[in-house]
Each structure stands twice: as structure tokens, then as C-alpha cells.
Amino acid sequence: MVMTWQPKDELASAVALEVLIHGPLGRAELARRLGLAPATLTRISTELIASGLLAEVPEATQRTSGRPTIPLDVVPSSHYFLGIKLTDSALDATVIDLKATPRDSYRVPLDSLTPIRVIRAIADLAHRARSAYRIDAIGIAVGGIVNADGTVESAPFLKWHDVPLASLVSEATRLPAFVANDLSAYTQIQHWFGSGTGHSNFAVITVGVGVGYGCVANGARLENEDSGIGLVGHWPLDPLGPICSQGHRGCAEAMLTTPAICRDASAAVGRPLEWNDVITLASEKHPAVEAILAASGRALGRLIGLVASLTAPELVIIGGEGVALASLSGDAVREGIGEVRDPRATSIRVTLSDGSNEAWSRGAGVIALQGYIAARAA
């Protein structure tokens, strides 16, 4: 049976989304959360169950007294989405279901970054995924500035300007396609299905080839036309630190990115090092590498403290492929926070998230899921 997104009105969409993000939920709890009369909630939930989008969880949960409540939950297999993280060397892709659970992963090397070749590779990948899953939409995450209609206005690592990626992919695949900045995608999966679930205010800091910052305030992601530039990368963090590519001393790019740390560690040990080599040497307590990571850890702590002071998040999530910096330099990170944080302020709750390629491509899949839902609910 072909499933489609079924909510027919705003209230039905609200119920479906509440269960999707926070479920399983009982009918009484749903009615309370959404301010609906019990009869209205019963009507809507009956329609959503009949559509195949929601289902009653088989195991009833018993309260202290009265009748048992049978929670509602989404049917994960009712929809599948293909999320793609576009890098300068490959397409990293994951098929997710309606609860963002990864079902399958793919990696497709790119031999060219011209738009026509990349779109052809995406179309081939979509065809491959559709042979195993009924894909409803495609989401693509790109490091750069992406406008509301899915046009990549600027992506320096691809050397792209004003490429209407969403429309071109949709035309090539005959599927709805949605494109977003990669950090926006990563922030959204944390918001709906990750560590940010249940928090109205949280921040995301990603560390890797670049440094990224995302913010959710009062339940909504804060973004504007500059969000894809990566402005946090040049926040000053250490007046005595190394110089970045733009000539800034001790900024986030110079102190926190994996290329910068690898460069400094390579110079310290006298041989070229990759990020995994740096992590290995740090784990082995190599003095020079430990000192470099400690300086970077303190800089990360300062960035966390500054973000917390400016945006008052309940939680700061650290992610990206360089997340090991935080775990290996915990004491230095705490020192850095203390250097910029008023001692009277509450302690900052920091959690480390998955920095794998799959985490980024799942984020792209959530962009597809959200876009698909919004289009059907409109």
C-alpha cells in the first residue's frame, strides 16, 4: 500500500507532529499538550490511525488507578527519506524512517564537483536507494549559504554559486528534494530526534574541518541569510594563539579545527599527522600533542562559555568529527569555561554527540522529512 502524509487540517498536523517528536503519548497527554477537547483528540487520532500514520502501542501502560492508557506512536515504516551530506569528495547518504532511525547507508565517491556530475551521482544514488525503500523525499546538506527554495548561493568548497540544487535534483529523480546548510540539518536532527529533544533552548557547536554554531531558542531554530557563512569560525578565543587563513590570531578556526590542530601537532612531532594520529598520540599521553589539545580545549571551553552567556541555553551539544577534542581535553574545557563565565552563573550542561558522517546525513534526512511534512500539511 502506498502511504501518503495524511493529516487534513492544522490540528491533525499538530497531533501527528507532537507524537512524531515526543511520542509515544497517551490521548489525555496529547490533549493536555495541545489544548484540545478530548472528543476532538479522539476524532483526530482515529483518522490518523485509519490513515496508517499513527498506531496504538501494543503494550498498555497502567497508571496508579483507573483504566490503562494505550499510547499513540507513529508507524516508522510508513515513510522513508534519503539524506545526503555533500562533501568535496563524496556523497555520504543514509535512509531514515519516520522516526529518523537509520535503515541503510551509502558512500559514493565523487570524481567531479561540477553541478551536472554531482546531480547525476545523486540521481544514481536515489535510484539505488529506491530499489530497496519507498523513498518519499530527498534531503541534501551542503556547507554553504542555501536560500529558502534550495538554491546553493555560495559553497566555496564546491566552487558553486547560485546552483538551484533542489529543483535540479527533483527534476532528475522525480522526487521532492530539499536542501539546507549542513549545520542547520545537524541542528534539526538534534532538535527533533537527538540530545535537544525536550529542550526549548539549546546550542550546537560542531568542530571539524570548520567550526559551526547553531541555536534553538523558544523551540525555533535561529537563522538568517548569514547563517551559512560560518561566522563563529572567527570568534577570537586566544590572543596568543596561531593565525588562521584570514590572518586572525587565535580565532576558532585557528584553535579548534582539525586541520589546524593537525598542522600544529605535525610541526611538534616532526612528521605529518592525520586527525586519527593526533587522537592516538593524545591517548598515549604524548607531551607535545597533549599540550596542543589542552590549548585547543581551553579555547573550546571559552567558546562554550561565551555562547552560554549570550544565548542562555539549557544545553550545549558538541558534535562534528572533531568531537574527540572535548572528550580528551575535559579539564582544559572546564578551565576555559571558567575563564569567561561569571562564577555566580549556573553550571553549563554540555553533552557530546555523534560526529560521524551518518549523523550529518541523518540530519539531511530530517530536512527531507520536515520539508515533506510541511508540503503535505500546507
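Residues numbered from 1 in each chain as written. Predicted model: local features only at pLDDT ≥ 70, side-chain atom pairs only at ≥ 80, totals over all residues. Heavy atoms only, no water.

### Structural notes on the overall build of the protein chain
Right, so step 1: Tallying secondary structure elements over the protein chain gives 13 helices and 15 strands in all.
Right, so step 2: Since a compact globule built from 378 residues should have a radius of gyration of about 21 Å, the 22 Å found for the protein chain is in line with a globular shape.
Right, so step 3: Projected onto the principal axes, the alpha-carbon positions of the protein chain cover approximately 70 × 55 × 35 Å.
Right, so step 4: Counting contacts in the protein chain only where the partners sit at least 6 residues apart, residues at least 24 apart contribute 60% of the total.
Right, so step 5: Element-wise, carbon and sulfur atoms account for 53% of the exposed surface of the protein chain, whose accessible area totals about 17400 Å².
Right, so step 6: With 31 positive and 38 negative side-chain charges, the protein chain shows a separation of 4 Å between the mean positions of the two kinds. (Helix = DSSP H or I, 4+ residues; strand = E, 2+ residues; numbered from the N terminus. Rg over C-alpha atoms; globule rule 2.2 N^0.38 Å. Contact = heavy atoms within 4.5 Å. Areas by Shrake-Rupley, 256 points an atom, 1.4 Å probe, with all protein chains shown as cover. Lys, Arg positive; Asp, Glu negative; His and termini not counted. Charge placed at Lys NZ, Arg CZ, Asp CG, Glu CD.)

### Topic: the side chain of asparagine 201
Right, so step 1: The residue asparagine 201 is located in the loop between α6 (182-193) and β11 (202-207) in this model.
Right, so step 2: Only 2.8 Å separates the side chain of asparagine 201 from the backbone nitrogen of asparagine 218, close enough to count as a polar contact.
Right, so step 3: Non-local contacts of asparagine 201, meaning those with residues more than four positions away in its chain, are made with Val216, Ala217, Asn218, Ala312, Pro313, Glu314 and Leu315. (Polar contact = N/O pair within 3.5 Å; in protein donor to acceptor, adjacent residues only side chain to side chain.)

### Some details on the pattern of salt bridges
Two side chains with opposite charge may pair up if their charged atoms get near one another.
Right, so step 1: Inspection of every chain in the model, using the stated rule, returns 17 salt bridges.
Right, so step 2: Its salt-bridge partner being arginine 32, residue glutamate 29 comes within 2.7 Å of it at the nearest N-O pair. With glutamate 29 and arginine 32 both in helix α2 (residues 27-34) and three residues apart, the pair spans about one turn of that helix.
Right, so step 3: Salt bridges sharing partners connect three or more residues here, namely Glu18, Glu29, Arg32 and Arg33. (Salt bridge = Lys/Arg side-chain N within 4 Å of Asp/Glu carboxyl O.)

### Brief notes about the domain arrangement of the protein chain
Right, so step 1: Here the protein chain is partitioned into domain 1 (10-74), domain 2 (80-188 + 358-375) and domain 3 (197-352).
Right, so step 2: Computed from C-alpha atoms alone, the centre-to-centre distance between domain 1 and domain 3 is 41 Å. (Domains from an automatic or database assignment.)

### Some thoughts on the pairing of strand β14 (residues 315-319)
Right, so step 1: For β14, the tally of buried residues reaches five of five residues, placing the bulk of the element in the interior.
Right, so step 2: Because side chains alternate across β14, one face comprises the buried residues Leu315, Ile317 and Gly319, and the other comprises Val316 and Ile318, equally buried.
Right, so step 3: Across five bridges, β11 lies against β14 in parallel orientation. Following the sheet pairing, phenylalanine 202 is matched in β14 by leucine 315. (Buried < 20%, exposed > 50% of the residue type's maximum accessible area, 1.4 Å probe, protein only. Pairing = 2+ DSSP bridges.)

### Let's talk about the packing of aromatic side chains
Right, so step 1: For the coordinates displayed, the defined rule picks out four aromatic pairs.
Right, so step 2: Both rings, one in phenylalanine 81 and one in tyrosine 372, keep their centres 5.6 Å apart while their planes meet at 65°; by these two values the pair is edge-to-face. Here phenylalanine 81 is found in strand β3 (residues 80-86), whereas its partner tyrosine 372 is found in helix α13 (residues 357-377), with 291 residues between them in sequence.
Right, so step 3: A centroid spacing of 4.6 Å and a plane angle of 35° characterise the contact between tyrosine 186 and tryptophan 360, whose relative ring orientation is tilted. Of this pair, tyrosine 186 sits in helix α6 while tryptophan 360 sits in helix α13, and the two are 174 residues apart along the sequence.
Right, so step 4: By relative accessible area, tryptophan 360 is classed as buried at 8%.
Right, so step 5: In this arrangement the basic side chain of lysine 85 is found over the ring face of tryptophan 360, its NZ or CZ atom lying 5.8 Å from the centre. (Phe/Tyr/Trp six-rings, centres within 6.5 Å; stacked < 30°, edge-to-face > 60°. Lys NZ or Arg CZ within 6 Å of the ring centre and 35° of its normal.)

### A few points about the sheet that holds strand β10 (residues 177-181)
Right, so step 1: The five strands are arranged β5-β4-β3-β6-β10 in an open sheet whose pairing can be described as mixed. Of all the strands in the sheet, the pair left with one neighbour each is β5 (102-109) and β10. The mean inter-strand angle of the sheet, taken between neighbouring strand axes irrespective of direction, is 20°.
Right, so step 2: As paired strands, β3 and strand β4 (residues 90-97) are joined by seven bridges and run antiparallel to one another. Directly across from leucine 86, in β4, lies its bridge partner leucine 91. (Axes fitted to C-alpha atoms, helices over the stretch in contact; angles between N-to-C directions.)

### Considering the state of the cysteines
Right, so step 1: Under the criterion given, the structure shown has zero disulfides.
Right, so step 2: The thiol of cysteine 244 is not disulfide-bonded; the next cysteine sulfur, from cysteine 251, is found 3.6 Å away.
Right, so step 3: Take cysteine 244: its relative accessible area is 9%, and that puts it in the buried class.
Right, so step 4: Among the cysteines around cysteine 262, which has no disulfide bond, cysteine 251 carries the closest sulfur, lying 16 Å off.
Right, so step 5: By relative accessible area, cysteine 262 is classed as buried at 10%. (Disulfide = S-S within 2.5 Å.)

### Some remarks on the packing of helix α9 (residues 275-283) against helix α10 (residues 287-311)
Right, so step 1: Between α9 and α10, the least distance of the axes is 8 Å, while the angle of their chain directions is 105°. By the criterion of interaxial angle, the relationship of α9 to α10 is roughly perpendicular. When α9 is examined against α10, the residues Val278, Leu281 and Ala282 are found in contact with a partner set consisting of Val289, Glu290 and Leu293.
Right, so step 2: Its residues assigned to classes, the contact of α9 with α10 comprises five nonpolar, no polar and one charged. (Parallel < 35°, antiparallel > 145°, perpendicular 65-115°, else oblique. Nonpolar A, V, L, I, M, F, W, Y, C, P; charged D, E, K, R; others polar.)

### Focus: the environment of aspartate 97
Right, so step 1: Tracing the backbone shows aspartate 97 in strand β4.
Right, so step 2: What makes aspartate 97 buried here is its relative accessible area of 2%.
Right, so step 3: Linking aspartate 97 and isoleucine 122, residues 25 residues apart in sequence, is a C-alpha distance of 19 Å.
Right, so step 4: If near-sequence neighbours (up to four positions away) are discounted, aspartate 97 is found in contact with Pro76, His79, Tyr80, Phe81, Arg103 and Leu369.
Right, so step 5: A distance of 2.9 Å separates polar atoms of two side chains, one belonging to aspartate 97 and the other to arginine 103.

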